Amino acid sequence: MQLYNTLGRQKETFVPARPGKVNMYVCGITAYDYCHIGHARSALVFDVLVRQLQHLGLDVTFVRNFTDVDDKIINRANKENRDWREVAQTYINAFYEDMDRLGVLRADFEPRATDHIKEIQDLCSKLIAAGKAYATPSGDVYFRVRSYEAYGKLSGRSLDELLSGARVAPGEEKEDPLDFALWKAAKPGEPSWESPWGQGRPGWHIECSAMSESFLPLDIHGGGQDLIFPHHENEIAQTEAVCHCHLARYWVHNGFVQVNAEKMSKSLGNFKTIRDILESYLPETLRFFLLGKHYRSPIDFTADSMDETEKAQHRVYLALREAEKALTREKWKKVPLPQQIADEWAAQPKALDEAMDDDLNTAQALGHIFTQVRIINRLLEDKNLRASEAGRDVLQEFLARAQQWNTRLGLFGQNPETFLAALRTMRASRKNIDMPRVESLLRERQDARASKDFASSDALRQALQDLGVSVRDTPEGQDWDLE
Ligand SMILES: [Zn+2]
């Protein structure tokens, strides 16, 4: 598999350090608020990467942390007059709820910073002993950036460049404006732990270096692009200054999510939490949308693009449902499949594999799924092929392939009938369609057709049409959908 490595800025063939085994660490959330769509994207990208590595037969150990002590958590707790632990636990629980709905698999290890205070302090002590860090009289510990020559290698920034933006805040006792905090002396009323430097708490960056220590060297370290600097740069410095090994061999970063072509921010009021979005769209629609672009490209969340995604998803599930229905036939004819269709059908799994192996190109993989749906629709529209043994084999394989897509991408694994019904309900509520009225009109029309009152049946079809509902008559009865 080819993976783009931020360290070196190029695609590289992925070779794990230990044959057959992969250690992967991804920076998780700071638990002070509900997860937004950017968190969803990051979680999904690495979820699909884990699935892909497993598909390649690798034994993956996946670590994703929770930052459960931090300024943002403490501020929120103070503002709401709650205990900071309770705030962190609330949003960790919410993370699980949201991610479970999106089908994100749990990590093998999900360490929390506050469970690793000892490891954090030990790493600080090691860094101080090595001359890479220092404690100040007031009990802060700082990393001595200039002592680590390779600083900037991940983000490609030079010390001069960094210096121009660096400031020493009032009260800070840094030797150099570039230095960053490993340990912070306790302020009154803040959570703190006893340490060799007095009461205090860890800085943010150090926790990941401490919690990834037992998994070194990491094969893959991941996170959003916004973590490249300073977070990941600092993690590298903290770990590599004392371990004399690489923190990680491959650095994988996912792109940003914008909302209506603007950067998402609380001040712009365009902040989209996962739970906001799932009031209007099904979880699998959001999952499909976020995997619809290559993970390194920026992605723009708009209602239109979500609606488009929903339509595409509808087509796939409709094909699955029609394939299931066609397979209930009992007698099959011996009609050969046209060679061109047979070839195109046979080529798709390899094409999909190649897309996934090419730096996890889920966008292209989805394209190959659509090609398969088009082949299936062509087959279903052809009376002879639909009833042929060769056609039956393709339809059966289509259903089997959909189960693989579910395993690899977390898509198209639901019961088609159930999914289409859920999609209909979701769209009806988004469009404010009066569902009880639609249902009663459908019942009336069914009765009219049963008593062969075709004039009423046509009038009712028109009434439904006016509500945005289209009706199709099939051998099994009325089939309807929103327009
Ligand atoms: Zn981290």
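On a predicted model such as this, the values are computed, not experimentally measured, just so you know.

Considerations on the sheet that holds strand β5 (residues 133-135)
Next up, step 1: In spatial order, the strands read β5-β6-β7-β8; together these four strands make up an open sheet with antiparallel pairing. Unpaired on one side and paired on the other, β5 and β8 (200-202) mark the two borders of the sheet. Direction aside, neighbouring strands of the sheet carry axes that sit 20 degrees apart on average.
Next up, step 2: Across the sheet, helix α4 (residues 117-129) touches β5, β6 (141-143), β7 (180-185) and β8, and the angle it forms with β7 is around 120 degrees.

Looking at the coordination of the zinc ion
Next up, step 1: Within the protein, C27 (SG), C208 (SG), H231 (NE2) and E235 (OE) serve as the donor atoms for the zinc ion, at 2.0 to 2.3 Å.
Next up, step 2: Its four donor atoms give the zinc ion angles of 79 to 126 degrees at the centre, a pattern that matches the irregular case.
Next up, step 3: For the zinc ion, all donor residues lie on one chain, and their spacing in sequence is C-x180-C-x22-H-x3-E. Placement of the pair is C208 in helix α6 (residues 204-211) and H231 in helix α7 (residues 228-243), with a sequence separation of 23 residues.

Focus on the pairing of strand β4 (residues 59-64)
Consecutive residues of a regular strand have side chains that alternate between opposite faces of the sheet.
Next up, step 1: Bridge count between strand β3 (residues 21-26) and β4: six bridges; the pairing is parallel. By the bridge assignment, N23 is partnered in β4 with T61.
Next up, step 2: With respect to chirality, the unit in which β3 leads through helix α1 (residues 37-55) into the neighbouring parallel β4 is right-handed.

Observations regarding the state of the cysteines
Next up, step 1: Using the criterion set out here, one finds one disulfide in the structure.
Next up, step 2: C243 shares a disulfide with C245; S-S distance 2.4 Å. The S-S bond linking C243 to C245 shows a torsion near -105 degrees; that makes this disulfide left-handed.
Next up, step 3: Of the residues examined, C243 reaches a relative accessible area of 27% and is grouped as partly exposed.
Next up, step 4: For C245, a relative accessible area of 28% puts it in the partly exposed group.
Next up, step 5: The cysteine C35 is free of any disulfide, with C27 supplying the nearest cysteine sulfur at 14 Å.

Section: the UniProt feature "domain: Cysteinyl-tRNA synthetase class Ia DALR" (unreviewed entry) in the protein
Next up, step 1: Under the present numbering, the feature "domain: Cysteinyl-tRNA synthetase class Ia DALR" (unreviewed entry) in UniProt falls on residues 351-420.
Next up, step 2: With 81% helix and 0% strand, residues 351-420 has end C-alpha atoms that lie 28 Å from one another.

About the cut-offs
- Residues numbered from 1 in each chain as written.
- Predicted model: local features only at pLDDT ≥ 70, side-chain atom pairs only at ≥ 80, totals over all residues.
- Heavy atoms only, no water.
- Pairing = 2+ DSSP bridges.
- Helix = DSSP H or I, 4+ residues; strand = E, 2+ residues; numbered from the N terminus.
- Axes fitted to C-alpha atoms, helices over the stretch in contact; angles between N-to-C directions.
- Contact = heavy atoms within 4.5 Å.
- Donors = N, O, S within 2.8 Å, 3.2 Å for Na, K, Ca; no water.
- Tetrahedral: all angles 85-135°; square planar, octahedral: opposite > 155°, others 65-115°.
- Right-handed = clockwise from strand over helix to strand, strands pointing away.
- Disulfide = S-S within 2.5 Å.
- Buried < 20%, exposed > 50% of the residue type's maximum accessible area, 1.4 Å probe, protein only.
- UniProt positions renumbered as here; feature names shortened; annotations may be inferred.

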